[in-house]
Amino acid sequence: MAEGGGGARRRAPALLEAARARYESLHISDDVFGESGPDSGGNPFYSTSAASRSSSAASSDDEHERPGPPPPPGAPEGQESDEDEASAGWSATLRDRPPPRFEDTGGPTRKMPPGASAMDFFQLFVPDNVLKNMVVQTNMYAKKFQERFGSDGSWAEVTLPEMKAFLGYMISTSISHCESVLSIWSGGFYSNRSLALVMSQARFEKILKYFHVVAFRSSQTTHGLYKVQPFLDSLQNSFDSAFRPSQTQVLHEPLIDEDPVFIATCTERELRKRKKRKFSLWVRQCSSTGFIIQIYVHLKDGGGPDGLDALKNKPQLHGAVARSLCRNAAGKNYIIFTGPSITSLTLFEELEKQEIYCCGLLSSRKSDCTGLPLSMLTNPATPPARGQHRIKMKGNMSLICWYNKGHFRFLTNAYSPLQQGVIIRRKSGGIPCPLAVEAFAAHLSYICRYDDKYSKYFISHKPNKTWQQVFWFAVSIAVNNAYILYKMSDAYHVKRYSRAQFGERLVRELLGLEEASPAH
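Please read all numbers here as calculations on a predicted model, not as lab measurements.

**Observations concerning the sheet that holds strand E4 (residues 279-286)**
Okay, so step 1: Sheet architecture is open: 8 strands sit in the order E5-E4-E3-E6-E7-E10-E9-E8, paired in mixed fashion. Two strands in the sheet have a free side with no partner beyond their single neighbour: strand E5 (292-299) and strand E8 (389-394). Each adjacent strand pair in this sheet contributes to an overall mean axis angle of 15°, direction not counted.
Okay, so step 2: Relative to strand E6 (residues 334-338), strand E3 (residues 248-252) runs parallel, the two sharing 3 bridges. In the strand pairing of E6, threonine 248 is matched with isoleucine 335.

Structure (structure tokens):
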């Protein structure tokens, strides 16, 4: 059990300053644990649907759990449970453990010149050879389509400058937040004459009709993302080569907002017609910069390349997603933060063998609790004081039950159970906690703020086809990653573009209205 209130108060100023120093760039706060509201609910993981929100929200178990049953008459209290837990390897005797060693220097792998343009950063991820392939595949699809359904006299083969302009028009919707890209050519609020003059609306609609990344299915292809998978693979390779992440990373579903103007103005019929997404998008994200290191797309219906469609149990499914996202992380001593639906003893022990360490929020209702001691998953009849905690250990694994207006449980093999931290409160100093809890709150609150800001710049165009939805989400992530590299480069100190200004500049360069760097 943690120290009494007097000891905690005496140590609070020193802990507070130490926490601020550790997470100065992350602005550690207790928002993750719901300090702003009367309950202890919070949401360190933003989600993309009501179903996933319920599986990933961080909440205390107080409202749903009751104290454990009383022991049998005549039996010493807790004896049976303690014996079972001891035989499973869990002990209340804690021992220190050093943090995973990490000597790599994170950040961009390439030094960009001070005069680098928005296009230069974007083409680190979507270079001309990728765009030229889109040109070839689009023209191939148009030819085959017309052979089958009749000639289209108004069609002319698309060129590379037209393909860049096509992407520019789509990316412009992430800045203006208009529901339809065709609004550019209208006379309404979202019209933009300077952009509209580059290409006619009729020509844009023709390219949109035939646009493809992969025109035809190969005989070896069986999964539903074959039309976009080569682009996702290329994007992944470019993410890997352009950026080295920090030690701390987060697995989650990024926030993908519906356009607020559309939702506010559309009719009920239009809302009903809007199809629910048939996929979920998961990422591994650098918690120091927000750079998205890896993307994973899971199709909710139909077969997938990894057989995950057969997994109906959510913790099993999310555990398999986590394994896929961590495939390239082995042997690097990364620390991965996870939400309740991913956190499990089995997964964490498996990843530890690959030198990947974890710290995850645990929920007895949402997590796979196999192998965890029952005494740590039930709440005592009398709530402890805020900041009090219990810890049990098995090998390098620590199971923490920490109280702050509710019980919060964490599973970690990345932090010593003997190291103390503090959750900084906006008004009254801090609440003592184990270091793992402090780290979780710091990194997850940073990612929440990142998602709040950058989800506003996802491309607003909403196609019906799943592969096109995935493609435009991936392009949106590429633009956000490009801006992160721009902010970390010397070029930012020359122009200091905001995210919106960077996007506007990129759109104009793609449309040929502004000159990019001499390299282009």
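**Examining helix H6 (residues 160-176)**
Okay, so step 1: Compared with an ideal rise of 1.5 Å per residue, which puts 17 residues at 24 Å, H6 spans 25 Å between its outermost C-alpha atoms and is within 8% of the ideal.
Okay, so step 2: Taken across its 17 residues, H6 has 14 buried, putting it largely inside the fold.
Okay, so step 3: Of the residues flanking the end of H6, it is histidine 177, one or two places downstream, whose phi is positive at about 60°.

**Looking at the packing of H6 against helix H8 (residues 201-210)**
For any two helices packed against each other, the geometry is given by the interaxial angle and the distance between the axes.
Okay, so step 1: Relative to each other, H6 and H8 sit at 95°, their axes nearing to 11 Å. When the interaxial angle is binned, H6 and H8 end up roughly perpendicular. For the pair formed by H6 and H8, the contact residues are Glu162, Phe166, Tyr169 and Met170 on the first element and Arg203, Phe204, Ile207 and Leu208 on the second.
Okay, so step 2: Residues that form the contact of H6 with H8 fall into these classes: 6 nonpolar, no polar and 2 charged.

**Focus on the nonpolar core**
Okay, so step 1: Counting 83 residues, the largest nonpolar core has Phe121, Phe125 and Phe231 as its most contacted members.
Okay, so step 2: Counting residues in hydrophobic clusters, the runner-up holds 28 residues, among them Leu325, Cys326, Phe348 and Leu377.

**Side note on the pairing of E3**
Okay, so step 1: Among the 5 residues that make up E3, 5 are buried, leaving the element largely enclosed by the rest of the structure.
Okay, so step 2: Because side chains alternate across E3, one face comprises the buried residues Thr248, Val250 and His252, and the other comprises Gln249 and Leu251, equally buried.
Okay, so step 3: Where E3 and E4 come together, 4 bridges link them in antiparallel fashion. The residue bridging valine 250 from the neighbouring strand is glutamine 285, located in E4.

Cut-offs applied
- Residues numbered from 1 in each chain as written.
- Predicted model: local features only at pLDDT ≥ 70, side-chain atom pairs only at ≥ 80, totals over all residues.
- Heavy atoms only, no water.
- Pairing = 2+ DSSP bridges.
- Helix = DSSP H or I, 4+ residues; strand = E, 2+ residues; numbered from the N terminus.
- Axes fitted to C-alpha atoms, helices over the stretch in contact; angles between N-to-C directions.
- Expected span 1.5 Å × (residues − 1).
- Buried < 20%, exposed > 50% of the residue type's maximum accessible area, 1.4 Å probe, protein only.
- Parallel < 35°, antiparallel > 145°, perpendicular 65-115°, else oblique.
- Contact = heavy atoms within 4.5 Å.
- Nonpolar A, V, L, I, M, F, W, Y, C, P; charged D, E, K, R; others polar.
- Core = buried A, V, L, I, M, F, W, Y, C linked by side-chain atoms within 4.5 Å.

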